[in-house]
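Residues per chain, in single letters:
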Amino acid sequence: MANACLHKAGPLGLGVVSSKYDGLYVTCPWHGWEYNIETGSAPPGFPDQQALYEVKLEGENILISEKPIVKAHREHFNDPLLEDLIKLKYQTSEKSLNILGLSTTSMSPQLPRFSTSEDALQKSLTYAEEKYGAATKMVKLRDLEFRSCEGYYSQHSHACTWPCSITEMDPKDGMTEVYESMILWADIIIVSTPIRWGNASALYYKMPQRLNCVQNQITINNKILVKNKIASFIITGGQDNIQQVAGQMMCFFTDLGFTFPPFSFLGWSRGWTAEDMDKNVMQFKKSEYILRTSKELVDNCVEILTQIKNINMSNIHAPKPTRDDSLSAAIENSDMNI
Ligand code: FES
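Nothing here was measured: the structure is a model prediction, and the numbers come from that model. (Residues numbered from 1 in each chain as written. Predicted model: local features only at pLDDT ≥ 70, side-chain atom pairs only at ≥ 80, totals over all residues. Heavy atoms only, no water.)

A. Representation of the overall build of the protein. Summing up its helical and strand segments, the protein has nine helices and 10 strands in all. Along the first, second and third principal axes, the C-alpha set of the protein runs to 85 × 45 × 40 Å. For the protein, with 338 residues in total, the buried portion stands at 44%. Taking as baseline every contact in the protein between residues at least 6 positions apart, the subset at least 24 positions apart corresponds to 69%. For the protein, the accessible area works out to roughly 18000 Å², and carbon and sulfur atoms hold 52% of it. Of note, the protein has its 32 positive side-chain charges centred 6 Å away from the centre of its 39 negative side-chain charges. (Helix = DSSP H or I, 4+ residues; strand = E, 2+ residues; numbered from the N terminus. Buried < 20%, exposed > 50% of the residue type's maximum accessible area, 1.4 Å probe, protein only. Contact = heavy atoms within 4.5 Å. Areas by Shrake-Rupley, 256 points an atom, 1.4 Å probe, with all protein chains shown as cover. Lys, Arg positive; Asp, Glu negative; His and termini not counted. Charge placed at Lys NZ, Arg CZ, Asp CG, Glu CD.)

Below is the structure:
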């Protein structure tokens, strides 16, 4: 049977063989596709067929036919949203002003509470609609059920796919909405987070890890998915560390290709000794500063977007390492197909 998995050419020779369904199956070590090792067929119900070769034993030699005796067949399933993502059918236009708010605070749906980061984000979106006639969308990560990154990248850079391998397997996974809204729809994104122990929220970190597939397209295909898009941030906490959180977020989003306006984050905190958290929301709600800066953040984003929106980005390069830059690039790994 051919070694290259029909999915993304994972090395079936390194897969585990076990008895399941109607026979012995090998499981691809990259994302778990399975093939009957005698017939090359996918499990019952799936029409995929792996290529099979004729094998003869002659003395101590194992002879394998040059051409397959059964050809490979990969079935393509039509999922319109997945197709749009694969083909990068951008929903922006020369005149669009699509602003995506991504709220990353986490809270119990049974016990909703006031969120300062989300409230400031909503203020920004409302202002963008009223002042600029922007199309806005608020995506709350806590409403999306999505799996954590499962680290396929650590098997091989090509095992981290666009859209994410998890999304390919399960288009209903909640990150599909983020991929569509962030990569295809938005001109501007504003990401809001609370500060939790000096960092962005745990839910926030779950998202960038699943966005590795966007950055990885640069590494493996020299393809920049994010162009002419702006990112800004809203960071609120009872105590502090706004600048460290902003630095982390800016580092990540610049690596995806986003552009920042000057002064690209809004911060709210009340200092190290502010343990009277019961007064945090009270003070926040009264804050003229929040009212003003949630608007100024949008003004800055729109101002810079109008300048970069239609510039030709073909001369923009991602100064990132490729596989060929690796110190071991010249060493052949004979187990791999690519
Ligand atoms: S399951 Fe084999 S490469 Fe993805």
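B. Layout of the packing of aromatic side chains. All told, the structure shown has 10 aromatic pairs when counted by the stated rule. Aromatic pair Y21 and Y25: ring centres 5.1 Å apart, planes at 85°, arrangement edge-to-face. The interplanar angle of 85° and the centroid separation of 5.1 Å between the aromatic rings of F252 and F253 together place this pair among those described as edge-to-face. The burial state of F252 is the same as that of F253; both residues are buried. (Phe/Tyr/Trp six-rings, centres within 6.5 Å; stacked < 30°, edge-to-face > 60°.)

C. The nonpolar core, seen in detail. Counting residues in hydrophobic clusters, the biggest one holds 54 residues, and the most contacted among them are M182, M207 and F253. For this core, the elements supplying multiple residues, two or more each, are helix 1 (80-86), strand 6 (98-103), helix 4 (175-185), strand 8 (188-194), helix 5 (202-210), helix 6 (212-221), strand 9 (230-236) and helix 7 (242-256). Among residues more than four places away in sequence, those in contact with F253 are M182, I189, V191, Y204, M207, A231, F233, F258 and F260. Counting residues in hydrophobic clusters, the runner-up holds 23 residues, among them L121, Y127, A128 and I190. (Core = buried A, V, L, I, M, F, W, Y, C linked by side-chain atoms within 4.5 Å.)

D. Fine view of unusual backbone geometry. The omega torsion across W162 and P163 is -15°, close enough to zero to call that bond cis. With respect to the helices, strands and loops of the structure, P163 is situated in the loop between strand 7 (135-140) and helix 3 (165-169). In this model, Y21 sits at a positive phi of 50°, which is unusual for a non-glycine residue. Mapped onto the elements of the fold, Y21 is located in the loop between strand 1 (16-20) and strand 2 (23-27). The residue N222 is not glycine, and still its phi comes out positive at about 50°. Along the chain, N222 turns up in the loop between helix 6 and strand 9.

E. Representation of the pattern of salt bridges. Under the counting rule described, the total for this entry stands at 15 salt bridges. In this structure, R270 and D276 form a salt bridge, with 3.0 Å as the shortest nitrogen-oxygen distance. The exposure class of R270 is partly exposed, given its relative accessible area of 22%. A cluster of three or more residues bridged by salt bridges with shared partners is formed by E118, K140 and R142. (Salt bridge = Lys/Arg side-chain N within 4 Å of Asp/Glu carboxyl O.)

F. Focus on the side chain of S192. One can find S192 in strand 8. Other than its neighbours up to four places away in sequence, S192 contacts L102, S103, T104, S117, E118, L121 and I234.

G. Region of interest: the pairing of strand 7. The pairing of strand 6 with strand 7 spans six bridges and is parallel. By the bridge assignment, N98 is partnered in strand 7 with A135. In this region the chain leaves strand 6, passes through helix 2 (residues 116-132) and returns to the parallel neighbour strand 7; the handedness of that crossover is right-handed. (Pairing = 2+ DSSP bridges. Right-handed = clockwise from strand over helix to strand, strands pointing away.)

H. How the structure looks around the layout of surface pockets. Taken as a whole, the largest pocket holds about 900 Å³ of empty space. Counting residues per element, the ones that place at least two in the lining of the largest pocket are strand 3 (34-36), helix 1, helix 3 and helix 6. When its residues are assigned to classes, the lining of the largest pocket shows 15 nonpolar, seven polar and nine charged. Counting residues domain by domain, the lining of the largest pocket receives three or more from each of domain 1 (1-76) and domain 2 (80-308). (1 Å grid on protein atoms, 1.4 Å probe; cavity = no way out; pocket = protein on both sides within 12 Å on 5 of 7 lines; lining within 4 Å. Points joined across faces, edges and corners; volume = space filled by probe spheres on them. Nonpolar A, V, L, I, M, F, W, Y, C, P; charged D, E, K, R; others polar. Domains from an automatic or database assignment.)

I. Inspection of the packing of helix 2 against helix 9 (residues 288-308) at higher detail. Following both chains from N to C, one finds helix 2 and helix 9 inclined at 55°, their axes separated by 9 Å at the closest point. Taken together, the axes of helix 2 and helix 9 are oblique relative to one another. In this structure, the crossing between helix 2 and helix 9 has a hand that is right-handed. Taking contact as the criterion, the partners of A120, K123, S124, Y127, A128, K131 and Y132 in helix 2 are, on helix 9, I290, L291, S294, K295, V298, D299 and V302. Each residue belonging to the contact of helix 2 with helix 9 can be placed in one class, and the counts come to eight nonpolar, two polar and four charged. (Axes fitted to C-alpha atoms, helices over the stretch in contact; angles between N-to-C directions. Parallel < 35°, antiparallel > 145°, perpendicular 65-115°, else oblique. Left-handed = near helix turned anticlockwise from the far one by under 90°.)

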